[in-house]
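Residue-level listing of the chains:
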Amino acid sequence: MNSPNPTIPVKNVRMPVFYIPHGAGPCFFMDWNPPNTWHRMASFLKGIADTLPARPRAIVIISAHWLAPQFSVTGHARPPLIYDYYGFPPDTYELNYPAPGHPALAAQVTQLLEQGGMTAQVDNERGFDHGMFIPMKLMFPAADIPVIQLSLQHDMDPASHLQAGRALTALRDEGVLIVGSGMSFHNMRGYGDTRYTPISAEFDEWLSAAVASTPAQRDSLLQEWTQAPQARHCHPQDAEEHLIPLLVTAGAADDSIGQRVYLEQIMETTISAYRLG
């Protein structure tokens, strides 16, 4: 597949939105047992750039690993990295991803959220957590595209996160790629447990069908995601932060149709990724 054409004027291109898995800590950059556990996921992430209609002007990423009392946006021009994973090999704490921030875009995102009826702020001190830099190292390894992170809200209210995404829809027409970074299954007790294989598969089928529904139905289903089959076995109460980035991306999708673009069973559980638009 051809690489994105940098000569296409970004004003004429509507970017898709993605909800991606970011793996387990720095899993792509260390030895794992078995060795090929994360290879297919890594290949999927490496291939995303070639599917885009143009090179992004900037990226807004919503990571499962930043929750704040209100929607917050990184405003640092050169955000440091936050190695928010524990017990991994020493060299994984030396990984680097020197992508620039984008203070002007951070201010624009905050303004859009406020215009959409939400409280928002710029955080000029916050760095990039591993929900951002681990997948970005695979997706855009040159680290030459400005990136800002948008937090989740602590309450993880589905309606609020769909609303936040809707407020950001217009950025897609300005060459901005919006990415939700989480895991479609995230119950730490379930990984490696064969009892969760059918549980995760049942939830994944519901989730994939919801994302592929008409936009109005999609939003309605995702707003009530806790009623889905096996929902709380896949995302326990007060620990659903790895799913909620999907709701922001679904909101930003507006009238775009969604589809599952990656499906794999990892550590006995089903994991998916979605593209909308």
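Residues numbered from 1 in each chain as written. Predicted model: local features only at pLDDT ≥ 70, side-chain atom pairs only at ≥ 80, totals over all residues. Heavy atoms only, no water.

Draft legend 1. Highlighting the pairing of strand E1 (residues 17-21). For E1, the tally of buried residues reaches five of five residues, placing the bulk of the element in the interior. Side-chain alternation along E1 places Val 17, Tyr 19 and Pro 21 on one buried face and Phe 18 and Ile 20 on a second face that is also buried. Bridge count for E1 against strand E6 (residues 176-182) is five bridges, and the pairing is parallel. Across the sheet, Phe 18 pairs through a bridge with Val 179, a residue of E6. (Buried < 20%, exposed > 50% of the residue type's maximum accessible area, 1.4 Å probe, protein only. Helix = DSSP H or I, 4+ residues; strand = E, 2+ residues; numbered from the N terminus. Pairing = 2+ DSSP bridges.)

Draft legend 2. Just the confidence of the model for the chain, in detail. Averaged over every residue, the pLDDT of the chain is 95; residues scoring 70 or more account for 96%. Across residues 1-10, confidence stays below pLDDT 50; counting only partners more than four residues off in sequence or on other chains, it has 19 contacts. (pLDDT = per-residue confidence, 0-100. Contact = heavy atoms within 4.5 Å.)

Draft legend 3. Main features of the pairing of E6. With respect to burial, E6 is a largely interior element, seven of its seven residues being buried. The sheet contact formed by strand E2 (residues 58-68) and E6 spans six bridges and is parallel. Each residue of the ladder has a partner; that of Ile 62, found in E6, is Gly 180.

Draft legend 4. Structural context of helix H4 (residues 158-167). A large share of H4 lies buried, amounting to seven of its 10 residues. Looking at H4, one finds that the buried residues are Pro 158, Ser 160, His 161, Leu 162, Ala 164, Gly 165 and Ala 167. Where H4 is buried, its residues meet strand E3 (71-74), helix H2 (103-115), strand E5 (147-153), helix H6 (215-223) and helix H8 (244-253).

Draft legend 5. Highlighting the packing of aromatic side chains. For the coordinates displayed, the defined rule picks out 14 aromatic pairs. Seen in terms of ring centroids, Phe 28 and Trp 38 are 6.2 Å apart; in terms of plane orientation they differ by 80°. Their pairing is edge-to-face. You can see Phe 28 sitting in the loop between E1 and helix H1 (39-47) and its partner Trp 38 sitting in the loop between E1 and H1, a full 10 residues away along the chain. Between Phe 185 and Tyr 196 the ring centres are 6.1 Å apart and the planes differ by 70°, which places this aromatic pair in the edge-to-face class. Of this pair, Phe 185 sits in the loop between E6 and helix H5 (196-211) while Tyr 196 sits in helix H5, placing them 11 residues apart in sequence. The class for Tyr 196 is buried, based on a relative accessible area of 13%. By way of ring pairs, the aromatic residues Tyr 83, Tyr 85, Phe 88, Tyr 93 and Phe 133 are connected into one cluster. Directly above the aromatic system of Phe 29 lies the positively charged group of Lys 137, at a separation of 5.4 Å from the ring centroid. (Phe/Tyr/Trp six-rings, centres within 6.5 Å; stacked < 30°, edge-to-face > 60°. Lys NZ or Arg CZ within 6 Å of the ring centre and 35° of its normal.)

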